[in-house]
Amino acid sequence: KTSELEPGSEAVPTVGSLAHYLGTCKPCAFLYTKGCMNGVECKFCHLCEFGEKKRRQKMKKEQKKVQAGRSMIVGQVPLPHHHSYVTGGASPSKRAIVPPYGLAAAPR
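These notes cover the structure that comes with them. (Residues numbered from 1 in each chain as written. Predicted model: local features only at pLDDT ≥ 70, side-chain atom pairs only at ≥ 80, totals over all residues. Heavy atoms only, no water.)

**Topic: the overall build of the chain**
When its secondary structure is counted, the chain shows one helix and two strands. For the chain, the succession of helices and strands along the chain, N to C, is α-β-β. Across the 108 residues of the chain, 16% fall into the buried class. The long-range fraction of contacts in the chain, counting pairs at least 24 apart against all pairs at least 6 apart in sequence, stands at 39%. (Helix = DSSP H or I, 4+ residues; strand = E, 2+ residues; numbered from the N terminus. Buried < 20%, exposed > 50% of the residue type's maximum accessible area, 1.4 Å probe, protein only. Contact = heavy atoms within 4.5 Å.)

**Structural notes on the pattern of salt bridges**
Applying the stated criterion across every chain, the model contains two salt bridges. The partner of Arg55 in a salt bridge is Glu52, and the shortest N-O contact between them spans 2.7 Å. Here the residue Arg55 and the residue Glu52 both occupy positions in helix H1 (residues 52-73), the gap between them amounting to three residues, near one helical turn. Bridged by salt links that share partners, the residues Glu52, Arg55 and Arg56 form one connected network. (Salt bridge = Lys/Arg side-chain N within 4 Å of Asp/Glu carboxyl O.)

**Examining the packing of aromatic side chains**
Going through the model one piece at a time under the given rule, you end up with one aromatic pair. With a centroid separation of 5.6 Å and an interplanar angle of 85°, the aromatic rings of Tyr32 and Phe50 are classed as edge-to-face. Remark: Phe50 occurs in the segment before H1 and Tyr32 occurs in the segment before H1; sequence separation between them is 18 residues. Taking the relative accessible area as the measure of exposure, Phe50 reaches 65% and is therefore exposed. (Phe/Tyr/Trp six-rings, centres within 6.5 Å; stacked < 30°, edge-to-face > 60°.)

**Overview of the state of the cysteines**
This structure, assessed with the given rule, holds zero disulfides. In this model Cys36 remains outside any disulfide bridge; the closest cysteine sulfur is found in Cys42, 3.6 Å from its own. Using a relative accessible area of 1% as the deciding quantity, one classes Cys42 as buried. (Disulfide = S-S within 2.5 Å.)

**Here we look at the environment of Lys43**
Positionally, Lys43 belongs in the segment before H1. The exposed category is assigned to Lys43, whose relative accessible area is 71%. Measuring from C-alpha to C-alpha, the distance between Lys43 and Gly16 comes to 4.1 Å, with 27 residues separating the pair along the chain.

What follows is the structure in structure tokens.
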């Protein structure tokens, strides 16, 4: 017989479900689709409701948007991705590297 909070019990069906009660679990992507084949040893939560994984992804994306908005409010300029610093049509090894906005070298 398994204890109440031991993996394989009704309260904790998988190893990954242990973190469910702390709010730090990661939902199993296969549980509600093709079915999880890992059983009790699955490292992902089987207690989360259907759609929880997608809901968390959406929430994380929205939080990133809010954070980006905050950085603009306090006057920070977001830096472009590295590839946008590179200019010119030459081969990658011969392209000029341009510093990001406002970081140009001071004149001598």
